[in-house]
Amino acid sequence: MQGMARENEKIPTSRARRTATVATLAASEAVKQFGTRAANVTRSEEASEEAVARRQLETAKQIVAVLGTMKGAAMKLGQVMSFLDVGLVPEEHREEFQHELAKLRDAAPTVSFKQMRRVIEEDLEAPIEEVFSAFEEEPIAAASIGQVYRATLARDGREVAVKVQYPGVAGAVRADLQNLDMIMRVLKRMTPGLDVKAIAGEIKERIAEELDYELEAQNQRSLARIFAGHPFIVVPDVVSSLSRERVLVSEFVSGVGFEEIKRRPQAERDRVGEIVFRFFLGCMYRHRQFSGDPHPGNFLLLDDGRVAFLDFGLFKRLDAEPVELELACQRAVAEGDAATLHELLAQSGFLPEPERVDPDHLLAFIKDAIWWYTTADETVQLKPEIATNVMIESSDPRSSHFREMRHQHMQPEHLFGRRMEMLTLAVLSQLRAGANWHRIAREWMYGDDPVTALGREEADFYGRSVGARS
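What you see is a predicted model, and the numbers here were worked out from it, not measured in a lab.

(A) Helix α14 (residues 359–374), seen in detail. Here α14 spans only 18 Å end to end across 16 residues, well under the 22 Å set by a 1.5 Å rise per residue. Asp368 marks the point of greatest bend in α14, at about 60 degrees. The set of residues buried in α14 consists of Leu362, Leu363, Phe365, Ile366, Ala369, Ile370, Trp372, Tyr373 and Thr374. Capping the start of α14 is the job of one residue whose side-chain oxygen sits 3.0 Å from the backbone nitrogen of Asp360: Asp358.

What follows is the structure in structure tokens.
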């Protein structure tokens, strides 16, 4: 955790100031890349490749530095990049790149407590001392648009986490959204195949929801009710009376973070990975509502072995029909039924011109995106290379299925779920977690009996006969 910020540190909210920051990055990067290419004329092929690799890494570091000052939508992009390796840098520099990006996830720049105190007292309409008997001024965590503090309630002595939005962040986010295309152009130079338009569109659609902490409190309360008493999943309770648009107060939980979990023995990482998989995908297919932000900073391993899930600003609720469609498509993939998969996607609008898409090619395309939990009936140890390859094959012009992609139309109600699924895979791959993901997924795909200890515990929790459809 960083030390306290300087008193005069502020979020650059004007578009002109923030545009200047991003434009400086884009211009300097263009000049440096030109210099690298010119120098490469006189270098050997091996030396040229190494020079380009180093330039990509330096560019990545520049992006980290600029995003880290923005604290809004661009900051969110950096956090997503920090665990979804999209081939921005070559393999030999991946670890160093990940280290740089981890700074965005775990140590976002802070704003002085005096400024944050003003937000708290304005929203709660009372001095801090009246609401809290103790309040630690040093934040315990930093998010893309706010900070989290530890405090004790004056009225009942409960320990709580107080999430506070950065002052002026709403304006900063709006500026980020207008400037986001400039950042995406920098990323485009690093990886020409990246679908920057799709990524920018997704961020623009979803990031605004995170500004409303009252909405987030509602989302968190919903999942806290569902998982109350769960054997291995914890969603902290919300203190509703103290939650406002810019302040969210919830039960305090203490546990081990992602970087420490990554160093734990394989068996422990496998267990945490199964819990993460069950929480994010299980929520979607069992409860038709889910957190759309499964990045590593949003869960903690507690001392008793349970995993606490945090941050529900990005959240999605679905009707029964799209969920059943997805499950039917997964079953078709698992069974190798190309004709049924083609029919399902054609009827639901995914294939505007069904006759232009070969069913077997379509099956191969979808399988490459979800094989790890639909068709691999064996233990699969996930790793970053798997997540990268799945991302490329399912959403990138470099994909061997790019021809099929051009004839598909992603329905809006499914886009958020696909993002969640991809980011969950990225987290599990960073953990290098292993499991028979297919057998776990069959619990909601087919209503199969659980085959793992965690699955049996969860079946007991839901209070149904083992094997019954949820």
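(B) Spatial organisation of the sheet that holds strand β9 (residues 307–309). Reading across the sheet, the three strands line up as β5-β9-β8 and stay open at both edges, with mixed pairing between neighbours. Of all the strands in the sheet, the pair left with one neighbour each is β5 (233–234) and β8 (299–301). Bridge count for β8 against β9 is three bridges, and the pairing is antiparallel. Within β9, the residue paired with Phe299 across the bridge is Phe309.

(C) Geometry of the pattern of salt bridges. Under the counting rule described, the total for this entry stands at 24 salt bridges. Measuring nitrogen to oxygen at the nearest pair gives 3.0 Å for the salt bridge that ties Arg246 to Glu122. Separated by 124 residues along the polypeptide, Arg246 in the loop between β5 and β6 (247–251) and Glu122 in helix α5 (residues 113–124) bring together distant segments of the chain. Between Asp377 and Arg439 there is a salt bridge; the shortest N-O distance is 2.7 Å. With a gap of 62 residues between them, Asp377 in the loop between α14 and β11 (380–381) and Arg439 in helix α18 (residues 437–445) connect regions that are remote in the sequence.

(D) Region of the structure containing the side chain of Gln330. For Gln330, the position within the fold is in helix α12 (residues 320–334). Setting aside chain neighbours within four positions, we find Gln330 in contact with Tyr285, Ile370, Tyr373, Thr374 and Met445.

(E) Summary view of the environment of Glu210. Note on placement: Glu210 falls in the loop between α8 (196–206) and α9 (213–226). Exposure remark for Glu210: the relative accessible area of 4% places this residue in the buried category. Spatially, the C-alpha atom of Glu210 lies 6.2 Å from that of Leu314, the residues being 104 residues apart in sequence.

(F) Inspection of the pairing of β6 at higher detail. Burial of β6 is extensive: four of the five residues sit out of reach of the surface. The pairing of strand β4 (residues 159–165) with β6 spans five bridges and is classified as antiparallel. Counterpart to Val162 in the pairing with β6 is Val249.

How each quantity is defined
Residue numbers restart at each chain and count upward from 1, following the sequence in its written direction. The predicted nature of this model means local features are confined to residues of pLDDT at least 70 and side-chain atom pairs, given and counted, to a pLDDT of 80 or more, with totals for whole chains, interfaces and linings taken over all residues. Neither water nor hydrogens contribute to the side-chain values; these are computed over all heavy atoms in the structure. Only DSSP runs of H or I reaching four residues or more are called helices, and only runs of E reaching two or more are called strands; each is numbered from the N terminus. One fewer than the residue count of a helix, multiplied by 1.5 Å, yields its expected span. The angle separating two fitted axes, one through the seven residues that finish at a residue and one through the seven that start at it, defines the bend at that residue. When accessible area is computed with a 1.4 Å probe and restricted to protein chains, residues below 20% of their type maximum are described as buried, those above 50% as exposed, and intermediate ones as partly exposed. In protein, a polar contact means a hydrogen-donor-capable atom and an acceptor-capable atom, both N or O and within 3.5 Å, with residues adjacent in sequence counting only if both atoms are side-chain atoms; elsewhere, any N or O pair within 3.5 Å suffices. When DSSP locates at least two bridges between a pair of strands, those strands are taken to pair. Salt bridges, as used here, are contacts in which a Lys or Arg side-chain nitrogen is within 4 Å of a carboxyl oxygen on Asp or Glu. Whether two residues touch is decided by their heavy atoms; if any such pair falls within 4.5 Å, the residues are in contact.

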